[in-house]
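Next come the chains, spelled out residue by residue.
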Amino acid sequence: AYEIYQCDWSSDVCSSDLAHLNNLAGNYRAQGKLVEAEPLYKRSLDIWEKNLGPDNSLVLFALKNYVDLLREMGRDAEAERYQSRLKAIQPQKSD
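Computed from a prediction, not measured in an experiment: that's the story for all the values here.

### Some words on the overall build of the protein
Each helix and strand counted, the protein has 4 helices and 0 strands in total. Along the protein, from the amino end to the carboxyl end, the secondary structure elements read α-α-α-α. Restricting to contacts in the protein with at least 6 residues of sequence separation, those with at least 24 account for 44%. As displayed, the protein offers around 6100 Å² of accessible surface, 49% of which is attributable to carbon and sulfur atoms.

Given below as structure tokens:
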């Protein structure tokens with residue numbers, strides 16, 4: 001299991017650790033280990049959002065990964081709630 005320790009958020013080390021956590025979740029997902037991937041995606045999302053704010057690009061990236069995973073798991077209603085959050089904070093594209 002991957003454990004996240006308390007750290008100084010001004011340090012790039014913590015951000016790097018969370019990127020590794022998100023990548024580990026992606027590896028689990030690619031292997032079809034969706035149940036193992038879910039808490040890792042959720043943990044990285046929660047920590048990034050708490051420390052970087054909801055509109056940070058890392059939060060958007062983690063949120064999209066989590067939405068995609070939930071859809072893959074057949075949890076569409078839950079995915080839609082997160083998708084709504086994603087749409088609300090994602091930069092609007094101009095036509």
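### Description of helix H3 (residues 57–72)
Turn by turn, an α-helix covers 3.6 residues, leaving residues three or four places apart pointing in a common direction. Between its first and last C-alpha atoms H3 spans 23 Å; for 16 residues at 1.5 Å apiece the expected length is 22 Å, and the two agree. Taken together, the buried positions of H3 are occupied by Val59, Leu60, Ala62, Leu63, Asn65, Tyr66, Val67, Leu69 and Leu70. If you check the start of H3, you find a side-chain oxygen 2.7 Å away from the backbone N of Leu58, and it comes from Asn56.

### A look at the packing of H3 against helix H4 (residues 76–89)
Direction vectors running N to C along H3 and H4 enclose 155°, while the axes themselves pass 8 Å from each other. Here H3 is positioned roughly antiparallel relative to H4, judged by the angle of their axes. Like other packed secondary-structure pairs, H3 and H4 cross with a definite hand, here left-handed. Across from Leu60, Leu63, Lys64, Tyr66, Val67, Leu70 and Arg71 in H3, the residues of H4 making contact are Asp76, Glu78, Ala79, Glu80, Tyr82, Gln83, Arg85, Leu86 and Ile89. A per-class count over the contact of H3 with H4 returns 9 nonpolar, 1 polar and 6 charged.

### Comments concerning the packing of aromatic side chains
Taken as a whole and judged by the stated rule, the model has 1 aromatic pair. Ring geometry for Tyr66 against Tyr82: centres 5.0 Å apart, planes inclined by 90°, an arrangement best described as edge-to-face. Of this pair, Tyr66 sits in helix H3 while Tyr82 is found in helix H4, placing the two residues 16 residues apart along the sequence. Across the pair, Tyr82 and Tyr66 agree in class, each one buried.

### Notes on the environment of Ser57
Along the polypeptide, Ser57 turns up in helix H3. Overall, Ser57 belongs to the exposed group, its relative accessible area being 55%. Each C-alpha atom, one on Ser57 and one on Gln90, is 8.8 Å from the other, the two residues being 33 residues apart in sequence.

### Quick word on the confidence of the model for the protein
Across the protein, the average pLDDT comes to 82, with 78% of residues at or above 70. The least confident element of the protein, judged by mean pLDDT, is helix H1 (residues 12–30) at 81; the most confident is H3 at 92. Between residues 9–13, whose pLDDT stays under 50, and residues either more than four places distant or in other chains, the model counts 6 contacts.

Rules of the game
- Residues numbered from 1 in each chain as written.
- Predicted model: local features only at pLDDT ≥ 70, side-chain atom pairs only at ≥ 80, totals over all residues.
- Heavy atoms only, no water.
- Helix = DSSP H or I, 4+ residues; strand = E, 2+ residues; numbered from the N terminus.
- Contact = heavy atoms within 4.5 Å.
- Areas by Shrake-Rupley, 256 points an atom, 1.4 Å probe, with all protein chains shown as cover.
- Expected span 1.5 Å × (residues − 1).
- Buried < 20%, exposed > 50% of the residue type's maximum accessible area, 1.4 Å probe, protein only.
- Polar contact = N/O pair within 3.5 Å; in protein donor to acceptor, adjacent residues only side chain to side chain.
- Axes fitted to C-alpha atoms, helices over the stretch in contact; angles between N-to-C directions.
- Parallel < 35°, antiparallel > 145°, perpendicular 65-115°, else oblique.
- Left-handed = near helix turned anticlockwise from the far one by under 90°.
- Nonpolar A, V, L, I, M, F, W, Y, C, P; charged D, E, K, R; others polar.
- Phe/Tyr/Trp six-rings, centres within 6.5 Å; stacked < 30°, edge-to-face > 60°.
- pLDDT = per-residue confidence, 0-100.

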